[in-house]
Amino acid sequence: MIADRSRLPAAGAAASVRLPAIHKTRLPNGLAVWTVEHRNVPVVCCLLVVPAGSAQDPPGLDGLASLAGDMLDEGTGDLSALGVSDRLARLGAQFETEIGVDATLVALTTLSHSLARGLALLADMTVRPRLAAEDFDRVRRLRLHRLTQLRDLPPFLAERAFARWIYGSHPYGHMPLGAEPTLQRMTVDDVRRYHRRVFVPDGSTLIVVGDGTHDALAAAVAEAFGGWQAAGDGHVPVDLPEPPDRLPSGRVALVNRPGAAQSELRIGQVAVARDTPDYHALLVLNTVLGGQFISRINMNLRQAKGFTYGARTVFDFRRHRGPFVFLTSVKSSVTGEALREAMAEIEAIRGGRPATPEEVRTAAAALTLGYGRNFETAPQVAQALSQLALYGLPDDYFEQFVPRVVAVTAPEVLRVAQQHLDPDRMALLVVGDRAVVEPALAALPYGAPTILPAD
Amino acid sequence: MRIPYTKHVLDNGLQVLVHEDRNCPIAAVNLWYHVGSKNERPGHTGFAHLFEHLMFEGSQHYDRGYFQPLQEAGGTLNGSTNADRTNYWEVVPSNTLELALWMESDRMGYLLPALTEAKFATQRDVVLNERRQNYENRPYGMAAMAILAALYPPDHPYHWSTIGEVPDLHAATLAQAHEFFRAYYHPGNASLVIAGDVDTEATLALVRAYFGGIPPGPPVAAVGAAAPADREVRLVLEDRVELPRLYLNWHSPAMFSHGDAEMDLLSDLLANGKTSRLYRQLVYERQAATDVAAMQNSRELCGFFQVIATPVPGVGLGELEEAISGEIDRIIDSGPLESEIERSRAQVEANFVYRLQTVGGFGGKSDQLNAYNVFLGDPDYFDRDLAQYLRIGCADLQAAASRYLSRARRVTLSVVPAGRPDLAVADSLPVEVS
């Protein structure tokens, strides 16, 4: 054949995507067990989804969920913290705990021939952690030092200040890591109580994906987790209040960082929850606006103007209404102009320059044509399933994803933009050099900036 | 364990490897150009990386940006530059492989007609922003530059960092981009791997069609460098940081050369996991450090080994320096225990299996095949790479530590909060990096 460079080649016939076939069972103790056979590499990923995260931190104890998560691999039974670490290493296992706002995910990936030993260790760590006082003291001290070091990191300062700015005292308004005063106040008994309340089989889901049959994977789970009994009355997640609808005061906030080489920017608002019927349309909207390299905002701020290394937007879908956020870091001298351009793009997509049918078609294509890529590895499949478990999504969720995204129309994208993005209510935050950026912020039509403390 | 493949060399010199893996309906395209910041000259640093940005700005037959058609086809893509090589990759639905090859071949064959002064100027600004974001505005972000400059003399190709120096980036010109492209971006200096849900013969036919007509370029001379002299250097760098940090650095073996695997395993023994020697002593038992890390930075000409530690408030960098030196001396004197080595080997062996999980992107199977092919000319090295680790015994580690980790050949950098040079280890000279 000879290359034809007069046009881009058409795609061939689409290969069928193999979506994960999930087998669901339940242990007598209430633990949901989901298995997927994924057999190309001798690896198994085990992911325990506990439906409580930092939003369940009791008042005044910000950081408790996350610290409890950190304590899981600090010793169990005969094994000290060193013993746990040693056993994980000798298994060649990878262990990771992720504490989000809505959930705690505990993942152990192991070679398939070590599955039984890996699951036994995972059960010991999550069900029967030592939670010893001296380990708690050490882990808390490390956390406090980490918070000290994070004061140096502008993206962290921005994320923390922005969450507090738009959510106030709502449980979504603090970082999972917690803060110095709340960590100082915390005791090992708080951690023990939290663990007893939250780490219970009923309501939790163990996802096991990898090189084994459904029956073998489920049997291995039953062996390791069958003895798990709730210590108390079982898990009662505390119901969260509705997130606030209005900003406390002012529109623009500034965290001063004298001499900063760049300004870290955030624009956004409290937006929508994961259960919104507009989920797929919002994904398409975000893809047009700021969800990928060729999105409007990145093409404008990076590719046309050269203001930044990259700019993007995200809807953070959560159990309750999560934030919509625009994020970037720009050279200090263009701070005002970058905020103005970003606001203009957000406003334009609500009416002045709505997403065109062509943009909607190509955004949907970007979201759907490569959908199969999300199910290549066992850890990827387990992550995908965790969303189903966490947000109660239907069994045919993966099958429905592509047709639902493809069905999104331009008028629908315009409607969800108008309904869920409200530029008049959006907060603007800058972490940067006050001396350089304050005049530019004052010149924006949003009033004088509020100066926020760094922590 | 291996990554099965077929290898062909086109008449124009392009090396082509195809690896079939039908697990997932995706195709990974991974293209390496054997050029990195080590091919730059003093006064022109940062150019290889700046040039990588230009490769995403469109080429003669599709001049509306490189991302557009590939993202619309459901693909993901990226590129990266380091001292030794520049890589580009796409992961696309397998029925769109031809599009990815069309795009990669167009920028290999026809970049310059579409490369304008405006694109050049904008991407220079983007790179300057990248530098501010990832180096200047990031805590400890300038430490690596100070270390490289101290490890290697000014004319050594590893003396400067890949992001480059600001005045050099400002001085770069479009004409230099043309020269750079002609010198390095041609089939004879490239290696192309296609992995995933593809048919080998059909893929080779596509590659021949799209890349076969691109003319070969001038031979690229291997970059040479005299072995850097061993000497002790002690420096202090002030930065915008809350806590000081200690960096200990030594020259070490080149990538895949004798001793490289030993140093890699040593880094694991020293600082990976709670049971590692330095973590256990400094973070777990004495609680004198908030973190400790060790790494063998393997590179084509020569490597460097690092130990990095951050003290908790109230502990001096000198105390960490003594403790780390003491632990290294203990390994030199009596070697690690067999049980420590077994533990590290178990992790290494498992990590080789985990590396087989994905076909594309940074570190995927296509990228690994290219690393073995470009640096060793031997894509089949996966098994032997692992074997290098499994044969290592106590005496090997002891010998490697003794040979490479002596105090007399160490570059010690203290990074301290601005205005507190007194927090550095003793006898440190101030250094400035911009």
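A. The arrangement of the overall build of chain B in detail. Regarding its fold elements, chain B presents 15 helices and 12 strands. Here chain B has a C-alpha radius of gyration of 23 Å; the compact-globule value for 434 residues is 22 Å, and the two agree. A principal-axis box enclosing the C-alpha atoms of chain B has dimensions of 60 × 50 × 40 Å. A total of 434 residues make up chain B; the buried ones form 56% of that total. Considering only contacts in chain B between residues 6 or more positions apart, those separated by 24 or more positions represent 78%.

B. Just unusual backbone geometry, in detail. Residue and element names in this part refer to chain B. For F256, which is not a glycine, the phi torsion comes out positive at approximately 65 degrees. With phi around 50 degrees, Q287 is a residue other than glycine that occupies positive phi space. Its place among the elements puts Q287 in the loop between α10 (277–285) and β9 (289–297). Residue classification places Q287 among the partly exposed positions, given that 15 C-beta atoms sit within 10 Å.

C. Highlighting the nonpolar core. In this structure, I207 and V221 of chain A together with A146 of chain B are the most contacted members of the largest nonpolar core, which totals 207 residues. Broken down by element, this core gets its largest block of residues, eight residues, from strand β3 (residues 43–50) of chain A. Grouped together as the second largest cluster of nonpolar side chains are 63 residues, A161, A253, F326 and A366 of chain A included.

D. Fine view of the packing of helix α9 (residues 279–289) of chain A against helix α15 (residues 410–420) of chain A. Residue and element names in this part refer to chain A. Closest axis-to-axis distance for the α9/α15 pair is 9 Å, and the angle between their directions is 90 degrees. If you check the angle between α9 and α15, you find them roughly perpendicular. Each of A281, L282, V284, L285 and V288 in α9 lies in contact with α15, whose residues at this interface are E412, V413, V416, A417 and H420. Class assignment for the residues of the contact of α9 with α15 results in eight nonpolar, one polar and one charged.

E. View of helix α11 (residues 317–334) of chain B. All names here are of chain B. With 18 residues, α11 should reach 26 Å at 1.5 Å per residue; the first-to-last C-alpha distance of 26 Å fits that figure. Of the residues making up α11, those classed as buried are L317, L320, E321, I324, E327, I328 and I331. Projected onto a plane normal to the axis of α11, the buried residues spread over an arc of 135 degrees and lie on a single side. Turned more than 90 degrees away from the buried face of α11, the exposed residues are E322, G326, D333 and S334.

F. Broad picture of the interface of chain A and chain B. If you look at the interface, chain A gives 61 residues, while chain B gives 61 residues. Contributions of two or more residues to the side of chain A that touches chain B are made by α2 (81–91), α4 (133–150), α10 (296–304), β11 (308–315), β12 (323–331) and α12 (357–368) of chain A. Top contributing element to the side of chain A that touches chain B by residue count: α4 of chain A, with seven residues. In terms of residue class, the side of chain A that touches chain B is built from 30 nonpolar, 19 polar and 12 charged.

G. Here's a closer look at the pairing of strand β8 (residues 205–210) of chain A. Residues and elements named next belong to chain A. In terms of residue burial, β8 counts as a mostly covered element, since six of its six residues are buried. Of the pairings in the sheet, the one linking strand β2 (residues 32–37) to β8 comprises six bridges and is parallel in character. By the bridge assignment for β8, V33 is matched with L206.

H. Quick look at the confidence of the model for chain B. Looking at chain B, pLDDT values average 97 and 100% of them are 70 or higher. Scoring of the predicted complex yields 0.96 for pTM and 0.95 for ipTM.

I. Just the environment of E358 of chain A, in detail. Among the structural elements, E358 of chain A can be located in helix α12. Placed 16 residues apart in sequence, E358 of chain A and N374 of chain A show a C-alpha to C-alpha distance of 25 Å.

J. Region of interest: the packing of helix α9 (residues 260–271) of chain B against α10 of chain B. Residue and element names in this part refer to chain B. Where α9 meets α10, the axes come as close as 3 Å, and the angle between the chain directions of the two elements is 25 degrees. Accordingly, the angle class assigned to the pair α9 and α10 is roughly parallel. Side by side, α9 and α10 meet where L269, L270 and A271 of the first sit next to R277, L278 and Y279 of the second. Tallied by class, the residues present in the contact of α9 with α10 amount to five nonpolar, no polar and one charged.

K. Examining the sheet that holds strand β6 (residues 94–99) of chain A more closely. Residues and elements named next belong to chain A. Pairing in this open sheet of six strands is mixed, and the strands run β1-β2-β8-β3-β7-β6 from one edge to the other. For this open sheet the edge positions go to β1 (23–26) and β6, each flanked by a neighbour on one side alone. Averaged over all pairs of adjacent strands, the angle between strand axes in this sheet comes to 15 degrees, irrespective of strand direction. For β6 and strand β7 (residues 104–111), the ladder comprises six bridges, and the chain directions are antiparallel. Bridge assignment links I99 to a residue of β7, and that residue is T104.

L. How the structure looks around the sheet that holds strand β2 (residues 15–20) of chain B. All names here are of chain B. What the six strands build is an open sheet, ordered β1-β2-β6-β3-β5-β4; its pairing is mixed. With partners counted over all chains shown, the strands left at the sheet margins are β1 (6–9) and β4 (76–81), one partner each. Taken pair by pair, the neighbouring strands of this sheet meet at an average axis angle of 15 degrees, ignoring direction. In this structure, β4 lies alongside strand β5 (residues 86–93), joined through six bridges in antiparallel fashion. Note that in β5 the partner of N78 across the bridge is W89. Contacts between helix α8 (residues 200–211) and the sheet are confined to β1, β2 and β6 (190–196), with β2 contributing the most and set at about 150 degrees to the helix.

What counts, and where the lines are drawn
Residues numbered from 1 in each chain as written. Chains lettered and ligands numbered in written order. Predicted model: local features only at pLDDT ≥ 70, side-chain atom pairs only at ≥ 80, totals over all residues. Helix = DSSP H or I, 4+ residues; strand = E, 2+ residues; numbered from the N terminus. Rg over C-alpha atoms; globule rule 2.2 N^0.38 Å. Buried ≥ 20, exposed ≤ 12 C-beta atoms within 10 Å, placed from the backbone. Contact = placed C-beta atoms within 7 Å. Core = buried A, V, L, I, M, F, W, Y, C linked by C-beta atoms within 7 Å. Axes fitted to C-alpha atoms, helices over the stretch in contact; angles between N-to-C directions. Parallel < 35°, antiparallel > 145°, perpendicular 65-115°, else oblique. Nonpolar A, V, L, I, M, F, W, Y, C, P; charged D, E, K, R; others polar. Expected span 1.5 Å × (residues − 1). Arc of directions from axis to C-beta. Pairing = 2+ DSSP bridges. pLDDT = per-residue confidence, 0-100.

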